[in-house]
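# Structural description and commentary
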Amino acid sequence: MTLSRYAMVGFWGARQETPEALALRFNHLIDRLALIDPVLSNWIWINENRKPIQFARIQGQLAEKIAAAVAKADDGEPVPIFGYRFGTLNVLGDTPRLFDLSIHAGSWIENDSFYSNKASLTTDYYAAPDPAIVTYKIFKQALLAIAESFEVTFCAAFPNDLMDLWPKGQKFRFGWINYVSPRFAPLVTPPKSAFVEYRQNGGLLMAATDETFITSNPQHLAAARDIEAALAPLNALPWPLDEGADNASPLS
């Protein structure tokens, strides 16, 4: 079976953060990912000139590199209210084991249409993912690493073809694995069909299956639909959200 492209995406609202605070979060994420599996290491930083550099070589200057990635106006002037965009890629030899780790963070502009900030980890756009990599064990831990390193409001892991089934206008979108922040987790009653875990910080993790999620698998999709129903109280909230404590403090 050829697998679809897979992704995990975490969102959070307006949160002003310095390049130094974001470097702390990003380094924490990189360290957590490396502990999960070797495939989540060997990162490559793409600098302003699109020249690839081994991440380890610039890790000590990460805050400076993030500062250079500030949003800019058409005239080239920095616009820090729109945050910073940065990320890494990784490749293991010539196999299609490539991930794209992309961050948009530090924006404090209120956005009525969607969250202000985002972190994503996606498999290669141009090659089918290795089944040995798209596993529940790897994706669950990677999703939690993103969610907890950046203190997201919501995070979902999903195959690309599941996006075709997302209702328009739905902001908390169901997936293979979903994470809800401590602030909003009490609003969700997890379905009995899901694999459920409450994190030490109060966050809620729900998974449709502990197998690799296949959208065409009726059991996988039925459990994902149950998660969608459980997320209904979140999708009924007025927008934009008052995220309060979720945005209060950086990692220490």
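You'll find the structure just up there.
Residues numbered from 1 in each chain as written. Predicted model: local features only at pLDDT ≥ 70, side-chain atom pairs only at ≥ 80, totals over all residues. Heavy atoms only, no water.

### Remarks on helix H1 (residues 19-36)
Let me state the cut-off plainly: Strands are runs of DSSP state E lasting at least 2 residues, helices are runs of H or I lasting at least 4, and numbering of each runs from the N terminus. To estimate how far a helix should reach, multiply one less than its number of residues by 1.5 Å. Burial here depends on accessible area, computed with a 1.4 Å probe over protein chains only, as a share of the maximum for the residue type. Under 20% is buried, over 50% is exposed, and the range in between is partly exposed. By the convention used here, residues are in contact when the closest approach between their heavy atoms is within 4.5 Å.
Taking 1.5 Å per residue, 18 residues should reach 26 Å; H1 reaches 26 Å between its end C-alpha atoms and fits that length. When we look at burial in H1, the residues that qualify are Pro19, Ala21, Leu22, Ala23, Arg25, Phe26, Asn27, Leu29, Ile30 and Leu33. Against the buried residues of H1 lie strand E2 (43-46), helix H2 (55-58), helix H3 (62-68), strand E4 (84-90), strand E5 (99-105) and helix H4 (136-149).

### Concerning the nonpolar core
The following threshold applies: What we call a nonpolar core is a set of buried Ala, Val, Leu, Ile, Met, Phe, Trp, Tyr and Cys residues that are connected through their side-chain atoms within 4.5 Å.
Formed by 78 residues in total, the largest nonpolar core has its most connected members in Phe26 and Phe139. Here the element with the most residues in this core is H4; it accounts for nine residues. Contact partners of Phe26, with chain neighbours within four places excluded, come to Trp45, Phe55, Leu62, Phe86, Thr88, Leu101, Ile103 and Phe150.

### Remarks on the pairing of strand E9 (residues 195-198)
For the record, the criterion: What makes two strands pair is DSSP finding at least two bridges between them.
Note: E9 against strand E10 (residues 204-207), four bridges, orientation antiparallel. Residue Tyr198 lies in a different strand from E10, and its bridge partner there is Leu204. Connecting E9 to the next strand, E10, in antiparallel fashion are five residues, including Gly202 with a positive phi near 100 degrees.

### Focus on the sheet that holds E5
Note the cut-off: All axes are obtained by fitting lines to C-alpha atoms, using only the stretch in contact for helices, and the reported angles, taken between N-to-C directions, cover 0 to 180 degrees.
Taken in spatial order, the ten strands line up as E3-E2-E4-E5-E6-E1-E7-E8-E10-E9 in an open sheet, and their pairing is antiparallel. With one partner strand each, in any of the chains shown, strand E3 (52-54) and E9 form the two edges of the open sheet. On average, each strand axis in the sheet is inclined to that of its neighbour by 15 degrees, with strand direction left out of account. Here E4 pairs with E5 via seven bridges, running antiparallel. What sits directly across from Phe86, in E5, is Ile103. The strands that H4 touches are strand E1 (6-12), E5, strand E6 (117-123), strand E7 (154-159), strand E8 (177-180), E9 and E10; relative to E8, the one it contacts most, it runs at about 25 degrees.

### Considering the side chain of Asn90
The cut-off we apply is this: N or O atoms closer than or at 3.5 Å make up a polar contact, with two conditions inside protein: a donor-capable atom paired with an acceptor-capable one, and, for residues adjacent in sequence, both atoms drawn from side chains.
Structurally, Asn90 is set in strand E4. According to the relative accessible area criterion, Asn90 is buried, its value standing at 0%. Looking at Asn90, its side chain comes within polar contact range of the main-chain oxygen of Ser41, at 3.0 Å. A polar atom in the side chain of Asn90 sits 2.9 Å from the backbone nitrogen of Phe99.

### Re the packing of H1 against H4
What counts, and what does not: The scheme is simple: roughly parallel for angles under 35 degrees, roughly antiparallel for over 145, roughly perpendicular for 65 to 115, oblique for anything else. Note: crossing handedness is left-handed where the near helix turns anticlockwise from the far helix by less than a right angle, and right-handed where it turns clockwise. Here the term charged refers only to Asp, Glu, Lys and Arg, the term nonpolar to Ala, Val, Leu, Ile, Met, Phe, Trp, Tyr, Cys and Pro, and the term polar to all other amino acids, Gly among them.
Between H1 and H4, whose axes approach to 9 Å, the crossing angle comes to 165 degrees. Here H4 runs roughly antiparallel to H1, going by the angle between their axes. Pair H1 / H4 crosses with right-handed handedness. Residues Arg25, His28, Leu29, Arg32, Leu33 and Ile36 of H1 form the contact with H4, whose own contacting residues are Ile138, Gln141, Ala142, Leu144, Ala145, Ile146, Glu148 and Ser149. Looking at the contact of H1 with H4, its residues break down into eight nonpolar, three polar and three charged.

### Remarks on the pairing of E5
Within E5, five of the seven residues are buried, which leaves the element mostly enclosed by the surrounding structure. Of the strand pairs in this sheet, E5 and E6 are connected by six bridges, and their pairing is antiparallel. Bridge assignment links Asp100 to a residue of E6, and that residue is Thr122.

### Considerations on the packing of aromatic side chains
Test applied: In this analysis, rings of Phe, Tyr and Trp, with Trp reduced to its six-membered ring, are considered paired at centre separations within 6.5 Å, and the interplanar angle assigns stacked below 30 degrees, edge-to-face beyond 60, and tilted for intermediate values. The criterion is that NZ of a Lys, or CZ of an Arg, lies within 6 Å of the ring centre and within 35 degrees of the ring normal, and then a charge sits over that ring.
Enumeration over the complete set of coordinates arrives at 14 aromatic pairs. Aromatic side chains Phe26 and Phe55 sit 5.7 Å apart centroid to centroid with 75 degrees between the ring planes, which places their arrangement in the edge-to-face category. You can see Phe26 sitting in helix H1 and its partner Phe55 sitting in helix H2, a full 29 residues away along the chain. For the pair Phe26 and Phe55, a shared accessibility class is recorded, and that class is buried. Seen from their ring centres, Phe26 and Phe86 are 5.3 Å apart, and the 80 degrees between their planes marks the pair as edge-to-face. Taken together, the residues span a long stretch of sequence, with Phe26 in helix H1 and Phe86 in strand E4 at a distance of 60 residues. Of the aromatic side chains, those joined through ring pairs into one cluster are Tyr6, Phe99, Phe139 and Trp176. Just above the ring of Trp239 sits the side chain of Lys171; from NZ or CZ to the centre is 4.9 Å. Positioned over the ring face of Phe184 is Arg183, at 5.9 Å from the centre of the ring.

### Digging into unusual backbone geometry
With phi around 60 degrees, Asn42 is a residue other than glycine that occupies positive phi space. Positive phi outside glycine occurs at Glu151, with the angle close to 50 degrees. In this structure, Glu151 sits in the loop between H4 and E7.

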